Amino acid sequence: MTAPGHPQARENRSGLVGQSVRRVEDDRLLTGAGVFVADRNPDGVLHAVFVRSPLAHARITSIDVAAARRAPGVVAVITGAEMAEMTHPFPPFLMLPGLYTPLFHALSADKVRLVGDPVAVVIAESRYLAEDAADLVDVDYEPLPTVASIAEALSPTSEPLWAKAGGNVMMDHTDTFGDVDAVFAAADRVITERFDCPRQSNQPMETRGSLVEVDAATGHLTIHNATQSSHLLRWAVAALTGKQRTTTALKRFITNKQRRRAFFAGAKQFVGTNRDGLKEQDNAGPLAQLKKDRSFLGHMNKIAVGLLGKDDYPTVKAQDIGGGFGSKGPVAREDIALAAAATSLGRSVKWIEDRTENLMDGGQAREESLTVSIAVDSDGTFRAMRVDLIIDQGAYPGFPIGAPLITKMMKVMFPGAYRWDAFEIRSRVVATNKGRYIPYRGPWANETWARERMIDVVADALGMTPAEIRLHNMIGADDLPTSMVTGPSIDETMSTKQTLERALELIDMDQFERDRVAAAASGRRLGLGIACYHEAAPGPPEFWDCIHPGTGMLTPEEAHTTVEADGSVLVYTQQMPHGQSHETTYAQVAADELGVRIDDVTIVSGDTDRTPFGFAGTGGSRGGPIGAGAVRTTAREVRRQLIESAAGMLEASPDDIEIVDGNIHVAGVPARGVTVAEVARRAADDGASGDLHGAPFEVADVYNGAGDGGWSVATHVCIVDIDLGTGLVTFPRYLVVEDCGPIIHPAVVDGQVRGGVAQGIGAVLYERTTYDEDANLQAATYMDYLVPTAMEIPEIEVHHLETLSPGENDFRGVGEGGMVGAPAAITNAIEHALGARVTTQYLPPTKILELAGVIVPG
Amino acid sequence: MKPAPFTYHRPETLDDALDLLATHGDDAKVLAGGQSLIPLMALRMGRPGHVVDIGRIAGLDSITVGADGDVTIGALVRHEQTRTSTDVATHAPLIATAMPWVAHRAIRSRGTVLGSIAHGDPAAEMPAVVLATEPTLIARSSSGVREIAAADFFHGYLDTALRADEILTEVRFPAWSPNAVGAVVEVARRHGDYALVGMAAMLTVDGDTISSAALAYFGAASTAIRVPDAEQALVGATVSADTFDAAAAIVSAELSPPPDIHASAAYRRHLAGVLTVRGLSAATAEIGADA
Ligand SMILES: Cc1cc2nc3c(=O)[nH]c(=O)nc-3n(C[C@H](O)[C@H](O)[C@H](O)COP(=O)(O)OP(=O)(O)OC[C@H]3O[C@@H](n4cnc5c(N)ncnc54)[C@H](O)[C@@H]3O)c2cc1C
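Quick notes on the rules
- Residues numbered from 1 in each chain as written.
- Chains lettered and ligands numbered in written order.
- Predicted model: local features only at pLDDT ≥ 70, side-chain atom pairs only at ≥ 80, totals over all residues.
- Heavy atoms only, no water.
- Domains from an automatic or database assignment.
- Contact = heavy atoms within 4.5 Å.
- Buried area = accessible area lost by both parts, 1.4 Å probe.
- Salt bridge = Lys/Arg side-chain N within 4 Å of Asp/Glu carboxyl O.
- Nonpolar A, V, L, I, M, F, W, Y, C, P; charged D, E, K, R; others polar.
- Helix = DSSP H or I, 4+ residues; strand = E, 2+ residues; numbered from the N terminus.
- Buried < 20%, exposed > 50% of the residue type's maximum accessible area, 1.4 Å probe, protein only.
- Polar contact = N/O pair within 3.5 Å; in protein donor to acceptor, adjacent residues only side chain to side chain.
- Pairing = 2+ DSSP bridges.
- Right-handed = clockwise from strand over helix to strand, strands pointing away.
- Near = heavy atom within 4 Å.
- Areas by Shrake-Rupley, 256 points an atom, 1.4 Å probe, with all protein chains shown as cover.
- Axes fitted to C-alpha atoms, helices over the stretch in contact; angles between N-to-C directions.

(A) Geometry of the domain arrangement of chain A. Residues and elements named next belong to chain A. As far as domains go, chain A holds domain 1 (26–34 + 557–703), domain 2 (38–144 + 203–326 + 328–361) and domain 3 (364–542 + 708–851). Here the C-alpha centroids of domain 1 and domain 2 sit 36 Å apart. In this complex, domain 1 contributes 20 residues to the contact, which on the side of domain 2 involves 21 residues. Together, the buried faces of domain 1 and domain 2 total about 1,600 Å²; carbon and sulfur atoms form 52% of this surface. On the surface where domain 1 and domain 2 come into contact, there are one salt bridge. Arginine 28 is the salt-bridge partner of aspartate 320, the closest N and O atoms lying 2.6 Å from each other. Of the residues contributing to the side of domain 1 that touches domain 2, the split by class is seven nonpolar, ten polar and three charged.

Next up, the structure:
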């Protein structure tokens, strides 16, 4: 599968990269030997249950926990007010122009803002007893008017969720590229449509969960957590819990020499690596925040000083994780409450979120309204686009990132793979009494949905086919080098047009037309939908600075590769695998680079005591380009060192030496070799011992990804078959032509694409986080929140192009694209089938028959 | 998601079980396959003080065919057992036809047919099969045995003629007439979900004339429900598309199904009509195939 003749293929020593090797994690996971947070039950562990608001919006007038405290097996009940004494509020993390980020605590004390808002935590000897006691907590609520929709949030008379926000619009900012007014005025036509995407939820198979173990002797916390980023959680817990008086913290800092030294060394390193990023930070964001609410300055100060005054930070250990799709990236209020409770009790406490909690506030996404105007010439040439985007972020902002950053990603990606003279996007974020809006696989995806939907609308208006208008406007090889109207440069990795051309070859349009006619005769409607996109995976070097200046400093990623004295290879990554097969794919990359067997390589992740620092964890389709890039460069350097050591033993020049299956020898003379284990043993005997892990060979490196280019692209084409009697939609064909560069593991890539498409199918046909007009959650169990099963997912054909990039590490991300392309392809196909305008992303059978004119909307 | 405290009883005999129910009355619940009761308890929507698990009671798990071809199903017969039983396929084929629509295999392997009837979910298949085939439902309590007619059994949403102290021990389905045909059709959002709307139909046909008809709908009202006017329109008519369309029109006009987040009332009404045509066509297509 690897492109022949490519340098990578030549350097590929064991030939593992490009093969669907047997997955390393399968034996463990398929035999039930995986260890998830829920599997850990240390002796004497206590269980936490959160008391949650039954109302969407209310003031708490009183809370009586006396009966709960007396209940059998109860060790503690902590109220919101008490929690506020123990923890700092979540501070604004990314301050953006035009944005206000409210501050909030782990538990609510005065006011509840959604059904499920935690107001107290009960800690008892079992989950059963804790739930019994939670029933006894008596809270008096004074109901407030609810804000249940974007429209209500925009109304100036809606009850503000956050007093200091001055309404429910939390952000309002416009980004303009080019002279939009002039281009609109000059274009032949302007076509406008509004698209609405209802709320969905990430829904990993494993819910969130945390076990906070407290060392009785030292008080040190070890947190086992289903997190996508263990280092982020570690620092968030360190920062927000263990609240102390500022003077105490300062005194502790000043009198602890070791801590002082460690802090200044850390600060120096941070500033050193991020000099450019820090310089680019602008002040407009903090000023916008200050204008509404100065309190964050004091809190940030206390948090910073508090961190300095701590002698010990928690260890986070994450092991097997049953999926996340973004929902385990943010730090949860529950995570903070749990750590604070365990610390105060000096006892280990566990919380496993149940599915109803997960559906209430485990993370929701995608609720967006997008009004798109396209200025177009009569020959179908796109001139400019204007977008009015409104995101419903729910009650509490995602931490550290949520809707505001996602508006920025949408801003950059909206123009897609097409040529435009100008572009403008107004981005608003509103607060409503609903669950937390967080990133969901391809968090910016609705730019693709709205754009690709709109392109079909424009094609229809101009009498062109969807394929014609796309091919006419799409950036092709002739346009290179170029850049998106929103900034990022475009190189040959943006092969979207080739994927579209290939997809069109794979579809027999004449046959489709014949099938269409035949179906119509039997009460069915066939439709064909196309969607094209590109995503930054990782994107060109300037990509993140186009999102927002300074955010580029999140890109670099560190890895460590070591060879132990027994010859085994350990690769330490800050990535946090939760279903993506890192243990296999990184082992393939490292083994190929080193020339050892895949079985000799073990990937170490999730343990903050052992793995390199990094806040990004796993997400953002970074695992292939950045994470694997770091693995590759460190493994390459280890190989160089091994060969150098062996050169003396072999009395040969390093240039003549190769490593094959762990045997180091002069090329072509394997019989006279030494093994990696022998070289490692010799080095260990000679006293070689690395600073980081004490291994005889040890290389750490930070990989930037910059210069690798790296767009991952695809075209989705699907055919839908709609039964006009029932409104049921099936897929006679679904095909994806994708290009993520050279493929490490074809089956894993196909799995990522298919899983993403499955979630896209879920988004359109099954999944909706439904709230009623008073913001009561209507889909609080799996009877009502419908995740598609294998029975609902068709065969998905995946075809690959493997365009090489000029960069050094050629792997590009592929984790998110399936979900980005699918809703657009499916809704386009449904519009084509029914001949009725589709402006919502959610099309259950009722909606299908309403669109078809079979039933009257009710 | 853990149930509130309750006392668990696992009687070895039917008499002991009935005594427990007599003692605890409204505060007790029978536990059969647990596929409906346990989720309700876990959500604390059901909070019985006593759970009487009938799973160990001998003699309740058989499917018996009577001398005249009637089929008696005991309280511990699992859904899956009826799906694979040749006796059921031969003598009570409508049950076998309904089974693939009931949940998923794992749930069918635990859930019981009588549990489903006793639970009385308006969107479940078995209550409609009961209405269409008119079996006799046999309920026992410590004070005696009661035979309940199918038409009297379902009172409302999750509400049946059973008293709190009773166990539904057997359901006796009448012999399947040689002239009978039937079908169970439904639409669910996903495979194995409760139906948005479904229909269980049983017709007897003489030549190509319909001599009797029972059309029972699920997901269309607060209980499974028959539509007598549509049935009357069928009786005496010939098997034809026009006949079925006419019945479907009556069904759509007479039913007023409730809306919920999964489907509107208009959708359900429309679907009931569509399923009427499809179900009757499927039922009568089978005659042709057999003949
Ligand atoms: C995911 C899922 C999907 C499902 N989908 C469907 C579906 O599509 N269609 C469908 O029909 N069902 C469906 N079910 C429900 C399933 O069929 C249940 O098995 C059935 O409804 C109840 O049978 P049970 O033996 O499990 O009863 P239990 O859960 O044990 O009991 C249910 C109720 O009936 C009472 N009860 C049970 N047996 C008796 C008795 N002999 N006498 C008196 N009272 C009794 C109990 O006290 C309780 O109130 C689904 C269940 C799940 C979990």
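(B) Quick look at unusual backbone geometry. For the bond from leucine 480 of chain A to proline 481 of chain A, the omega torsion is -10 degrees, close enough to zero to count as cis. With respect to the helices and strands, the residue proline 481 of chain A is situated in the loop between helix H18 (466–473) and strand E18 (482–483). Between alanine 537 of chain A and proline 538 of chain A the backbone carries a cis peptide bond, its omega angle lying at 15 degrees. Within the element layout of this structure, proline 538 of chain A appears in the loop between strand E20 (524–536) and helix H21 (543–547). A positive phi angle, near 50 degrees, is found at glutamate 651 of chain A, a position not held by glycine. Examined against the element boundaries, glutamate 651 of chain A turns out to sit in the loop between helix H23 (623–650) and strand E24 (657–660). One non-glycine residue with positive phi stands out, namely alanine 103 of chain B, at about 45 degrees. Here alanine 103 of chain B is to be found in the loop between helix H5 (93–98) and helix H6 (105–110).

(C) Local environment of the interface of chain B and chain A. Listed by partner, the interface residues are 26 residues for chain B and 36 residues for chain A. For the pairing of chain B and chain A, the buried interface totals around 2,500 Å² over both sides, and the portion due to carbon and sulfur atoms is 58%. By the criterion of area lost to chain A, the three top residues of chain B are Met1, Arg189 and Arg190 of chain B, representing 29% of everything that side buries. Where chain B touches chain A, the interface holds five salt bridges. Aspartate 135 of chain A is the partner of arginine 47 of chain B in a salt bridge, and the nearest nitrogen-oxygen pair spans 2.8 Å.

(D) Representation of the side chain of glutamate 80 of chain B in the model. Residue and element names in this part refer to chain B. Inspection of the secondary structure assignment puts glutamate 80 in helix H3 (residues 79–84). When its relative accessible area of 12% is taken as the criterion, glutamate 80 is described as buried. Reaching out from glutamate 80, the side chain makes a polar contact with the side chain of arginine 83 at a distance of 2.8 Å. Sequence-distant contacts of glutamate 80, defined by excluding residues within four places in its chain, comprise Arg105, Arg108 and Ser109.

(E) Geometry of the domain arrangement of chain B. Partitioning chain B into domains gives domain 1 (7–53), domain 2 (63–173) and domain 3 (180–287). Spacing between the C-alpha centres of domain 1 of chain B and domain 3 of chain B amounts to 35 Å.

(F) Just the pairing of strand E30 (residues 797–801) of chain A, in detail. Residue and element names in this part refer to chain A. Pairing of strand E29 (residues 729–739) with E30, which is carried by five bridges, proceeds in the parallel orientation. Within E30, the residue paired with aspartate 739 across the bridge is leucine 801. In this view, the connection linking E29 to its parallel neighbour E30 by way of helix H25 (residues 746–766) has right-handed handedness.

(G) Spotlight on the pairing of E29 of chain A. Residue and element names in this part refer to chain A. Within E29, eight of the eleven residues are buried, which leaves it mostly tucked inside the rest of the structure. As defined by bridge partners, strand E28 (residues 711–723) adjoins E29 across nine bridges and the pair is classed as antiparallel. Bridge pairing in E29 links valine 717 to leucine 735. In textbook terms, the turn of a hairpin is the stretch between consecutive antiparallel strands, and for E28 and E29 this stretch comprises five residues, one of which, glycine 727, has a positive phi near 75 degrees.

(H) Main features of helix H16 (residues 403–413) of chain A. Across the eleven residues of H16 of chain A, eleven count as buried, placing the element largely inside the fold. Of all the positions in H16 of chain A, only Ala403, Pro404, Leu405, Ile406, Thr407, Lys408, Met409, Met410, Lys411, Val412 and Met413 of chain A are classed as buried.

(I) Summary view of the site of the ligand. Residues and elements named next belong to chain B. Around the ligand, 30 residues are found, and the nearest of them are Val30, Gly34, Leu37, Thr112 and Glu125. Notes on the ligand: free accessible area 960 Å², of which the protein chains cover 89%. Of all the secondary structure elements, the ones that give two or more residues to the shell around the ligand are strand E2 (28–31), helix H7 (113–119) and strand E10 (167–173). Looking at the shell around the ligand, the element that brings in the most residues is H7, giving four residues. Of the residues in the shell around the ligand, the class split is 15 nonpolar, eleven polar and four charged.

(J) Examining the sheet that holds strand E25 (residues 663–666) of chain A more closely. Residues and elements named next belong to chain A. An order of E24-E25-E26 is seen for the three strands of this open sheet, with the pairing classed as antiparallel. Looking at the sheet topology across the chains shown, the edges are occupied by E24 and strand E26 (674–675). Two elements, E24 and E25, share four bridges in a ladder whose sense is antiparallel. Counterpart to isoleucine 659 in the pairing with E25 is isoleucine 664. The strands that H23 touches are E24, E25 and E26; relative to E24, the one it contacts most, it runs at about 115 degrees.

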